[in-house]
Amino acid sequence: MHSQIFWNEILFLQSIKVSAVYLKMMSEVWGVQIQSIVEIGVFKGRTSRLFRTLFPDAFLYLIDPWELYDEYLSVEAGPISKIPGDYENAYREVKEAFELDQKVKILRKTSMEALADVPDGIDLVYIDGNHSYFNVKQDIEHWFPKVRPMGMMSGHDYDALSFPEVIQAVDEIFPENVVIGEDYTWLKQKT
């Protein structure tokens, strides 16, 4: 059931400067009911927890290999850590946080490996994994077809200073109608 939100609540949400909150606000403004979310790049699950709070009825697909691999070590990829043990600890933290949640599927895989485990018709796909041009482009090209009509695809780090390759990939695939919002978030509605 879609809850009614009032403009004062939207204005409050706008004051919180993180991607998940911005996406909640935009889903309300656009009238997009979010019942399923794919998050690519989870690490410790900070955004995942916010998604659970903001979209309590949504099914969450949390996708991350939780391992340090050669391709992820490049500056462009933007590795969150270069310490292998950090990934195992982060995975355990996410498993513990969601172990009792029947509406969460944790996929310890790359985004390409996880494609077959996620049904079509997803309401929101959020990309925040490997930030290299190749990987962002690949994620968009393969995951956008899984978004339902009027659903939303989004990602983090649309930041010219730190992640110019994210901008390059997004702008190349979506030359029009991409909304840039809080916390370097990019957003495209599938029409």
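Here, every reference points to the structure presented above.
Draft legend 1. Structural detail: the overall build of the protein. Broken down by element type, the protein carries 7 helices and 7 strands. N-terminal to C-terminal, the α/β element order of the protein is α-α-β-α-β-α-β-α-β-α-β-α-β-β. Taken against the 2.2 N^0.38 rule, which gives 16 Å for 191 residues, the C-alpha radius of gyration of the protein at 16 Å falls within 12% of a compact globule. Sorting the 191 residues of the protein into buried and exposed places 49% on the buried side. Nonlocal contacts in the protein, meaning residues at least 24 apart in sequence, comprise 70% of its contacts between residues at least 6 apart. If you sum the accessible surface of the protein, you get close to 9,600 Å²; carbon and sulfur atoms cover 55% of it. Side chains of the protein give 18 positive and 30 negative charges; the mean places of these two sets differ by 5 Å.

Draft legend 2. Spatial organisation of the sheet that holds strand E1 (residues 36-40). Overall, mixed pairing links the 7 strands, which are arranged E3-E2-E1-E4-E5-E7-E6 in an open sheet. Of all strands in the sheet, those with a lone pairing partner are strand E3 (104-107) and strand E6 (179-181), marking the two edges. Averaged over neighbouring strand pairs, the angle between their axes works out to 15° when direction is ignored. Strand direction decides the pairing type here: E6 and strand E7 (residues 185-189), joined by 3 bridges, are antiparallel. Across the sheet, the residue bridging to Gly181 is Thr185, located in E7.

Draft legend 3. How the structure looks around the packing of helix H3 (residues 46-54) against helix H4 (residues 84-98). The contact between H3 and H4 brings their axes to 10 Å, and the two run at 15°. The angle between H3 and H4 falls in the class roughly parallel. Seen from above, H3 lies across H4 with right-handed handedness. Only Glu93, Ala97 and Phe98 of H4 make contact with H3, whose side of the interface consists of Ser48, Arg49 and Arg52. The residue makeup of the contact of H3 with H4, split by class, is 2 nonpolar, 1 polar and 3 charged.

Draft legend 4. Seen up close, helix H7 (residues 164-173). Within H7 the residues assigned to the buried category are Val166, Ile167, Ala169 and Val170. One side of H7 carries all its buried residues, which in axial view fall inside an arc of 165°. Contacts made by the buried residues of H7 are with helix H6 (133-143) and E7.

Draft legend 5. The pairing of strand E2 (residues 59-63), seen in detail. In terms of residue burial, E2 counts as a mostly covered element, since 4 of its 5 residues are buried. Two strands pair when backbone bridges link them, and E1 and E2 are joined in this way by 5 bridges, in the parallel orientation. Looking across to E2, one finds that Ile37 is bridged to Leu60. Taken together, the 4 bridges between E2 and E3 define a ladder with parallel strand orientation. From the neighbouring strand, Tyr61 faces E3, where its bridge partner is Lys105. As for the winding sense of the linkage, the β-α-β connection from E2 through H4 to E3 is right-handed.

Draft legend 6. Broad picture of the packing of H6 against H7. The interhelical angle for the contact between H6 and H7, taken along N-to-C directions, is 35°, at an axis separation of 8 Å. Judged by the sense of rotation from one axis to the other, the crossing of H6 with H7 is right-handed. Contact residues: H6 offers Tyr133, Val136, Lys137, Ile140 and Glu141, while H7 offers Glu165, Val166, Gln168, Ala169, Val170, Glu172 and Ile173. Counted by class, the contact of H6 with H7 contains 7 nonpolar, 1 polar and 4 charged residues.

Procedures and definitions
The residue count restarts for each chain, going from 1 along the sequence in the order it is written. Given that the model is predicted, a residue must reach a pLDDT of at least 70 before its local features are reported, and side-chain atom pairs must reach 80 or more before they are shown or counted; all residues, however, enter totals for whole chains, interfaces and linings. As a rule here, side-chain values cover all heavy atoms of the structure and leave hydrogens and water aside. Runs of E in the DSSP output that reach at least two residues are strands. Runs of H or I that reach at least four are helices, and both are numbered from the N terminus. The atom set for the radius of gyration is the C-alpha atoms, and the globule formula is 2.2 Å times the number of residues raised to the power 0.38. Three exposure classes are used, based on accessible area relative to the maximum for each residue type with a 1.4 Å probe and protein chains only: buried under 20%, partly exposed in between, and exposed over 50%. Contact criterion: two residues are considered in contact whenever any of their non-hydrogen atoms come within 4.5 Å of each other. Only the protein chains shown count as covering a residue, and every accessible area follows the Shrake-Rupley method with a 1.4 Å probe. Charged residues are defined here as Lys and Arg on the positive side and Asp and Glu on the negative side; His and the ends of the chain fall outside this count. To locate a charge, the coordinates of NZ of Lys, CZ of Arg, CG of Asp or CD of Glu are taken. DSSP calls a pair of strands paired once it identifies at least 2 bridges connecting them. All axes are obtained by fitting lines to C-alpha atoms, using only the stretch in contact for helices, and the reported angles, taken between N-to-C directions, cover 0 to 180 degrees. Any angle between 65 and 115 degrees counts as roughly perpendicular, while under 35 counts as roughly parallel, over 145 as roughly antiparallel, and the rest as oblique. Each crossing is labelled by how the near helix is turned from the far one, with a counterclockwise turn of less than a right angle marking it left-handed and a clockwise turn marking it right-handed. When residues are grouped by polarity, Ala, Val, Leu, Ile, Met, Phe, Trp, Tyr, Cys and Pro land in nonpolar, Asp, Glu, Lys and Arg in charged, and all others, Gly among them, in polar. The reported arc concerns the directions from the helix axis to the C-beta atoms and nothing else. Handedness rule for crossovers: strands pointing away from the viewer, path from the first strand over the helix to the second running clockwise, crossover right-handed.

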